[in-house]
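# Coordinate inspection notes
As a plain string of letters, each chain reads:
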Amino acid sequence: MSEDKYSGYPKLNDTDLILRARGGDSVAFEQLIQRYDKRVFTIAASYVESSDDAKDIYQEVFLRVYKGLSKFELRSEFSTWLYRITTNVCLTHRARGRKHTHSSLDREMGEEDGQSHLLKDTLRGDSQTDEHAMSREISRHIQEAMEILSPRQRLVFTLRHYEGYKLREIATMLDCSEGAVKKYLFDATARMRKQLKGFLN
Amino acid sequence: MNHEQFREWLHLAFYNELGEEEQSLLGKHLSTCAECRSEQAELTKFHKVLATHAPAPITEEDLREARTELRVAIRLQASKQSWLQGASDVVSEFFAPKYKLAFAGAALVLVGIAVGYVAFRSPTTDEPGIFQQSSPLMQTSLNHGDAQIANLRFASQNEATDQIEFTFDAITPVRVKGNVGDDRVQKILARALVNEQNPGVRLKAVSTIGDQQLQPADKEVKAALIATLKYDENRGVRKEAMKVLEKFMPDTEVTAAFVYVLQHEKNTGMKIAAINSLNLSKYHEYEKDEKLMDVLREKVRSDENNYIRLRAKAALQEARQ
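Residues numbered from 1 in each chain as written. Chains lettered and ligands numbered in written order. Predicted model: local features only at pLDDT ≥ 70, side-chain atom pairs only at ≥ 80, totals over all residues. Heavy atoms only, no water.

## Some details on the overall build of chain A
The secondary structure content of chain A amounts to 10 helices and two strands. Seen in sequence order, chain A has helices and strands lined up from the N terminus as α-α-α-α-β-β-α-α-α-α-α-α. Taking all 201 residues of chain A together, 46% fall into the buried category. Partitioning the intrachain contacts of chain A with sequence separation of at least 6 by distance along the chain shows that 55% fall at a separation of at least 24. Per element, the accessible surface of chain A, about 10500 Å² overall, is 46% carbon and sulfur. (Helix = DSSP H or I, 4+ residues; strand = E, 2+ residues; numbered from the N terminus. Buried < 20%, exposed > 50% of the residue type's maximum accessible area, 1.4 Å probe, protein only. Contact = heavy atoms within 4.5 Å. Areas by Shrake-Rupley, 256 points an atom, 1.4 Å probe, with all protein chains shown as cover.)

Quick look at the structure:
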């Protein structure tokens, strides 16, 4: 039997690791987590804005796995179960004391320095030459546009657009039909386009 | 095929969700439909903007921190479960005393067989599978009877071949002698900090780590200290972790951890220690830290402690100047 190069622990398939973890083998449980946790963290990080929130989701997912492992039916794939938990936790996650400040392109800026000017003018003006600042600003607006989506729309959009999952796979994760996933994706796209109209034009 | 269907396909085409035939039909439709071509151009712009502004990939550091915090959370969960298990055992014993002796006897026999099998059976080379995950040090300890055996679990038994498979936790004392500043010693202490059940041992581990001049590169040690400060259930251990973490300042992650304490900690003494440890007079341009500013505003508004409200207010006033 080959060994994991870091832990020296034998390389086992998911089922064997689950059986060992159920028996209280913490090394097996850790190996099982580390096989998938980067993906879980990536999904969480693209779904929420802050890394603290992503860590909260990550922790909640694996605590649920830890508590539920004894009841997990080995007939199904561990990864399917895990990603279903991940999507559920994302959907029910409440951001950690975060204030949602939806700024619009017509939002007034410069409250601090007393010089009021519009954000879209700022972007059109001299700062346009500063590509980095502009790029940061666009990213922020994309993030804010995503925040107006419903949790399911945002999750489907994130999983398809940024994580590259197929619609069929997302349907399995969310335990719904592929048609429903399409609807979430199209609605999300329509709302995002509307919200980002200023940049797209 | 109607126009709406092609519009849907147009969206799906951007996600490579169309089959070859659908792709070809869509191509033909696009050559004749100006409205769909215009929609295609708009969607191209949309996807281009999003592709060039994708969220930043996760960092190894964030992942490491998340793993460390998870270990602490699982330790807490395990201790909760063992407490519940203990309570449930007491209840079971109370309700089923007549099975108690029989069960204990059976369990003892099983453990006896297994321990005897492990401790007294001479290792042979014709069974490479035995001690699959134990180190040579552990095997020696087992053969000499130094290791404590616990949580014996039978995985399988083949009566025809007399083959048996089981797992157990073998706890063997390991003596380490080295400089407390040694990187490996520090990492062992950091691991103990995260995994150890006994708060006294965790406290000792933190203070031993703190006795040293920590290197900024000790990321694992720092992550363990931060997780301890944020999540350890024992206030004394959290307080000690905060004292040690001050040595890392100025540091973005440690600052974030102090802000977390200021925001979430219920104990007033800990909050006061956090606002003092932040040492805002030395924190260059702290007014740009949005999270910190939000927490300070919230403290001014609603913290029940006068000192914290005053400190937060002073910090905000200084930031405005």
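## Some thoughts on the overall build of chain B
Check the secondary structure of chain B and you find 14 helices and two strands. Within the span of chain B, comprising 321 residues, buried residues form 35% of the whole. Sequence-distant contacts, at least 24 apart, represent 56% of the contacts inside chain B between residues at least 6 apart.

## Regarding the interface of chain B and chain A
In this assembly, 41 residues from chain B lie in contact with 47 residues from chain A. Regarding the contact of chain B and chain A, the summed buried area is about 4300 Å², with carbon and sulfur atoms giving 59% of it. Put simply, chain B and chain A have eight salt bridges between them. The shortest N-O distance in the salt bridge between A:K55 and B:D62 comes to 3.8 Å. Linking chain B to chain A there are 11 residue pairs in polar contact (both at pLDDT 80 or more). Put simply, the parts of the chain that give the side of chain B that touches chain A at least two residues each are α1 (3–14), α3 (34–52), α4 (60–95), α11 (252–264) and α13 (290–302) of chain B. With 14 residues, the top contributor of residues to the side of chain B that touches chain A is α4(B). Class assignment of the residues belonging to the side of chain B that touches chain A gives a composition of 17 nonpolar, nine polar and 15 charged. (Buried area = accessible area lost by both parts, 1.4 Å probe. Salt bridge = Lys/Arg side-chain N within 4 Å of Asp/Glu carboxyl O. Polar contact = N/O pair within 3.5 Å; in protein donor to acceptor, adjacent residues only side chain to side chain. Nonpolar A, V, L, I, M, F, W, Y, C, P; charged D, E, K, R; others polar.)

## Some points on the packing of aromatic side chains
Summed over the entire model, instances satisfying the criterion amount to 13 aromatic pairs over all chains. Taken together, the ring pairs connect A:Y36, A:F72, A:F78, A:W81, A:Y83 and A:Y165 into an aromatic cluster. Positioned above the aromatic ring of A:Y47 is the side chain of A:R154, whose terminal nitrogen or guanidinium carbon lies 4.5 Å from the ring centre. In this structure, B:K230 packs its charged tip against the face of B:Y260, placed 4.9 Å from the ring centre. (Phe/Tyr/Trp six-rings, centres within 6.5 Å; stacked < 30°, edge-to-face > 60°. Lys NZ or Arg CZ within 6 Å of the ring centre and 35° of its normal.)

## So, empty space enclosed by the protein
Residues and elements named next belong to chain B. Across all of its chains, the model carries three cavities of 30 Å³ or more by this definition. Space inside the second largest cavity adds up to approximately 50 Å³. Lining of the second largest cavity is provided by T68, R71, A190, R191, V194, N195, E220 and A224. Listing elements by their share of the lining of the second largest cavity, those giving two or more residues are α4, α7 (183–195) and α9 (219–231). If one sorts the elements of the lining of the second largest cavity by residue count, α7 sits on top with four residues. (1 Å grid on protein atoms, 1.4 Å probe; cavity = no way out; pocket = protein on both sides within 12 Å on 5 of 7 lines; lining within 4 Å. Points joined across faces, edges and corners; volume = space filled by probe spheres on them.)

## Observations concerning the pattern of salt bridges
Applying the stated criterion across every chain, the model contains 30 salt bridges over all chains. In this structure, B:D303 and B:K299 form a salt bridge, with 3.1 Å as the shortest nitrogen-oxygen distance. A residue is classified by how much of its surface remains accessible, and B:D303, at 4% relative accessible area, is buried. Residue B:K299 is classed as buried on the basis of its relative accessible area, which comes to 5%. One network of salt bridges, with partners in common, ties together A:R193, B:R7, B:E35 and B:E39.

## Let's talk about the packing of helix α7 (residues 151–162) of chain A against α3(B)
In the contact formed by α7(A) and α3(B), the axes pass within 12 Å of each other and the chain directions differ by 85°. The orientation of α7(A) with respect to α3(B), classified from their angle, is roughly perpendicular. On α3(B), the residues that touch A:F157, A:H161 and A:Y162 of α7(A) are B:F46, B:H47 and B:L50. (Axes fitted to C-alpha atoms, helices over the stretch in contact; angles between N-to-C directions. Parallel < 35°, antiparallel > 145°, perpendicular 65-115°, else oblique.)

## Some points on the packing of helix α1 (residues 14–22) of chain A against helix α2 (residues 26–47) of chain A
Residues and elements named next belong to chain A. Across the interface, α1 lies against α2 with an axial gap of 8 Å and an inter-helix angle of 140°. As judged from the angle between their axes, α1 and α2 are oblique. Seen along the crossing, α1 lies across α2 with a hand that is left-handed. Contact with α1, carried on its side by D14, L17, I18, R20 and A21, involves A28, F29, Q31, L32, R35 and Y36 of α2 and no other residues of that element. Of the residues contributing to the contact of α1 with α2, the split by class is seven nonpolar, one polar and three charged. (Left-handed = near helix turned anticlockwise from the far one by under 90°.)

## Examining the environment of B:Q5
Along the chain, B:Q5 turns up in helix α1. Separated by 21 residues in sequence, B:Q5 and B:L26 place their C-alpha atoms 9.5 Å apart.

## A look at helix α14 (residues 306–320) of chain B
Residue and element names in this part refer to chain B. An ideal rise of 1.5 Å per residue puts 21 Å on 15 residues; α14 measures up with 21 Å between its terminal C-alpha atoms. Burial in α14 covers these residues: I308, A312, A315, L316 and A319. Seen end-on, α14 carries its buried residues on one side only, within an arc spanning 100°. Exposed side of α14, more than 90 degrees from the buried face: L310 and R320 are the residues found there. Those residues of α14 that are buried lie in contact with α11, α12 (268–278) and α13. Two or three places before Y307, at the opening of α14, N305 has a side-chain oxygen 2.9 Å from that residue's backbone nitrogen. (Expected span 1.5 Å × (residues − 1). Arc of directions from axis to C-beta.)

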